[in-house]
Amino acid sequence: MEKAHKPKKVFVQGPISPDFVAKSIASHQSKTGIGAHAIFLGQIRADQKEGGAVTGIDYTAYEEMAEQAFHDIREAAFAKFELTCMHIYHSLGLVPTGEISLFVFVSSPHRRAAFEASEYIVEEIKANVPIFGKELVGEAGQHVWKENT
Amino acid sequence: MSFQVKYFGMLAEIAGLSDEVWNAAGGLTVGQFRAQMLDKYPAMRDKKFKIAVNQKISEDFVLIETPAEIALLPPFAGG
């Protein structure tokens, strides 16, 4: 039987810093069974909308349901792929264009599982986690609601 | 019966609030609740959303049993 994985805190306030990503990588140097890390970083894109360019996304979530959804995704990924460990972080609040709002970090003995798990996890997050994004547009304070496709 | 309703994203914007207590006479299915809600907030009629009952996305035939937390979820935008 697989060991149960404790629910982990996923949400962070504001952007995810490159420094945090670097420290996360460094903290795995003692886990010498790992041969492959795959990292996915979601970055806020300056899409052009009526009224100007996107300057940032203000994220909100149905937090209790989202935490459970993240937990279910973690459990499913551990069951499907040969993973040593997995970390998922997602921003809440304002993330300016060019900054990081999603950090998925999976580690495995071998590359194939790491590649496949990272893609699986990102797609599951986009489809199944109740997170909402208000795209701030232009200088006049307009906004549009983002929708994953 | 009464239960808690939470609104998110553009739906909170339309409702002008993020949660409220919903009072209804007698039992309600999710579909009946949806109809009442659209009467109260007609601007939601052309919006896509799902309804979660106690954090599970639910079909219209499901009977709401109190205590319940109902959430109106517009399209997801994580990532």
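The shown structure was predicted, so the numbers you read here are calculated from the model rather than taken from an experiment. (Residues numbered from 1 in each chain as written. Chains lettered and ligands numbered in written order. Predicted model: local features only at pLDDT ≥ 70, side-chain atom pairs only at ≥ 80, totals over all residues.)

Draft legend 1. Broad picture of the interface of chain A and chain B. Counting from both sides, the interface comprises 21 residues of chain A and, opposite them, 14 residues of chain B. Looking at the side of chain A that touches chain B residue by residue, the classes come out as eleven nonpolar, six polar and four charged. (Contact = placed C-beta atoms within 7 Å. Nonpolar A, V, L, I, M, F, W, Y, C, P; charged D, E, K, R; others polar.)

Draft legend 2. Quick peek at the sheet that holds strand β5 (residues 69-73) of chain B. Residue and element names in this part refer to chain B. Strands sit in the order β2-β1-β5-β3-β4 across an open sheet of five strands; the sheet is mixed. Looking at strand neighbours, the two that pair on one side only are β2 (19-23) and β4 (56-57), the edges of this open sheet. By the bridge criterion, four bridges tie strand β1 (residues 2-7) to β5 in an arrangement that is parallel. What sits directly across from Val 5, in β5, is Ile 70. (Pairing = 2+ DSSP bridges. Helix = DSSP H or I, 4+ residues; strand = E, 2+ residues; numbered from the N terminus.)

Draft legend 3. How the structure looks around unusual backbone geometry. All names here are of chain B. Note that the residue after Thr 66, namely Pro 67, is joined by a cis bond; omega there is 0 degrees. Its place among the elements puts Pro 67 in the loop between β4 and β5. The residue Asn 54 is not glycine, and still its phi comes out positive at about 50 degrees. Following the sequence through the fold, Asn 54 ends up in the loop between β3 (50-53) and β4.

Draft legend 4. Spatial organisation of the pairing of β1 of chain B. Two elements, β1 of chain B and β2 of chain B, share five bridges in a ladder whose sense is antiparallel. Opposite Phe 3 of chain B, over in β2 of chain B, you have Trp 22 of chain B as the bridge partner.

Draft legend 5. Local environment of the packing of helix α2 (residues 63-80) of chain A against helix α3 (residues 111-128) of chain A. All names here are of chain A. Taken N-terminus to C-terminus, the directions of α2 and α3 make an angle of 155 degrees; their axes are 10 Å apart at the nearest point. Judged on the interaxial angle alone, α3 and α2 are roughly antiparallel. Between α2 and α3 lies a crossing whose hand is right-handed. On the side of α2, the interface is formed by Ala 69, Ile 73, Ala 77 and Lys 80, while α3 contributes Ala 117, Tyr 120, Ile 121, Glu 124, Ile 125 and Asn 128. Of the residues in the contact of α2 with α3, the class split is seven nonpolar, one polar and two charged. (Axes fitted to C-alpha atoms, helices over the stretch in contact; angles between N-to-C directions. Parallel < 35°, antiparallel > 145°, perpendicular 65-115°, else oblique. Left-handed = near helix turned anticlockwise from the far one by under 90°.)

Draft legend 6. Layout of the confidence of the model for chain B. Per-residue confidence for chain B gives a mean pLDDT of 96, with 100% of residues at or over 70. Across the predicted assembly, pTM comes out at 0.94 and ipTM at 0.95. (pLDDT = per-residue confidence, 0-100.)

Draft legend 7. Region of the structure containing the environment of Gln 29 of chain A. Residues and elements named next belong to chain A. Along the chain, Gln 29 turns up in the loop between α1 (18-26) and β2 (36-43). Owing to 8 C-beta atoms within 10 Å, Gln 29 belongs among the exposed residues under this scheme. Separated by 116 residues in sequence, Gln 29 and Trp 145 place their C-alpha atoms 40 Å apart. (Buried ≥ 20, exposed ≤ 12 C-beta atoms within 10 Å, placed from the backbone.)

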